Amino acid sequence: MRSHFYRSASKAARSFLSSSKNSASRFVPEGRTVAATAAVSLRGKASHLASLGGANASGTWLSTALAIPAAAYLLQDQEAYAAEMERTFIAIKPDGVQRGLISEIVARFERKGFKLVAIKVVVPSKDFAQKHYHDLSERPFFNGLCDFLSSGPVVAMVWEGEGVIKYGRKLIGATDPQKSEPGTIRGDLAVVVGRNIIHGSDGPETAKDEIKLWFKPEELVSYTHNAEKWIYGDN
């Protein structure tokens, strides 16, 4: 009888997710209606099981019945929100790490309102650096560029937010720090091209490729930040 209940609960949860997965809105009001309907349906099954298993079973089965559609809704809402948010790859190069600029750079992205969803410190191999800079393989500086990226620790990150790819590049500044505006990371913290301290994806496809190269899927985290209602709230 318990297995029958779990199958019914699972079916209700899947039905809920299927009914609301096509929504493009950050908040999915109709999902709550589906969740409530599923809860009512499962409540009936829980009551039936309680009559078979005794008074103590009632609270347990009812709690489970109500929790499943609610959990399914929260999962769907989180996934829909994450899918709507853009992601970009940002790396603090060995010079930025060695100069102690990690917290300064992270703080600039956080103050803007972007959300950190992945971070790790790695020392890339020369072969890995060549994969990262594959689009520059024909340039005369390619070998030196790869040598430098693999010369020490790199802080690899994935940032999330509306327009994070384009605006992330604005935060970083021009490739040549001498041409970067004051207020940008390179404009404030770097001097020459060969030591410009940071890398950022230059477009959606590049971001996808670089995130895939540097991170495994399970290393990326989807979550709702408490400040988001103050960043993206609609009046």
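Computed from a predicted structure; not experimentally measured. (Residues numbered from 1 in each chain as written. Predicted model: local features only at pLDDT ≥ 70, side-chain atom pairs only at ≥ 80, totals over all residues. Heavy atoms only, no water.)

### Re the pattern of salt bridges
Following the criterion strictly, the structure yields eight salt bridges and no others. Across the pair E228 and K115 runs a salt bridge, and its minimum N-O distance is 2.7 Å. In this pair, E228 sits in helix α11 (residues 228–232) while K115 sits in strand β2 (residues 115–122), placing the two residues 113 residues apart along the sequence. No difference in accessibility class separates E228 from K115, as the two residues are buried. Several salt bridges share partner residues, and in doing so they unite R87, K115, E160 and E228 into one network. (Salt bridge = Lys/Arg side-chain N within 4 Å of Asp/Glu carboxyl O. Helix = DSSP H or I, 4+ residues; strand = E, 2+ residues; numbered from the N terminus. Buried < 20%, exposed > 50% of the residue type's maximum accessible area, 1.4 Å probe, protein only.)

### A look at the layout of surface pockets
As a volume, the largest pocket reaches approximately 680 Å³. When residues of the lining of the largest pocket are traced back to their parent elements, those giving at least two are α6 (126–132), α7 (142–149), β4 (198–200) and α10 (204–214). With four residues, α10 is the largest single contributor of residues to the lining of the largest pocket. Residues of the lining of the largest pocket, tallied by class, amount to eight nonpolar, ten polar and ten charged. (1 Å grid on protein atoms, 1.4 Å probe; cavity = no way out; pocket = protein on both sides within 12 Å on 5 of 7 lines; lining within 4 Å. Points joined across faces, edges and corners; volume = space filled by probe spheres on them. Nonpolar A, V, L, I, M, F, W, Y, C, P; charged D, E, K, R; others polar.)

### Structural notes on the sheet that holds β2
Strand pairing in a sheet takes place through backbone hydrogen bonds and is either antiparallel or parallel in direction. The strand order across the open sheet formed by four strands is β2-β3-β1-β4, and the pairing between neighbours is antiparallel. Edge strands, defined here as strands with exactly one partner in the open sheet, are β2 and β4. Neighbour-to-neighbour, the strand axes of this sheet turn through a mean angle of 20 degrees, independent of strand direction. The pairing of strand β1 (residues 86–92) with strand β3 (residues 154–161) spans seven bridges and is antiparallel. (Pairing = 2+ DSSP bridges. Axes fitted to C-alpha atoms, helices over the stretch in contact; angles between N-to-C directions.)

### Considerations on the UniProt feature "active site" (unreviewed entry) in the protein
Within this numbering scheme, the UniProt entry marks H199 as carrying the feature "active site" (unreviewed entry). With respect to the helices and strands, H199 occurs in strand β4. Apart from the residues lying within four places of it in its own chain, the contact partners of H199 are F89, I90, A91, K93, H132, I172, R186 and E210. (UniProt positions renumbered as here; feature names shortened; annotations may be inferred. Contact = heavy atoms within 4.5 Å.)

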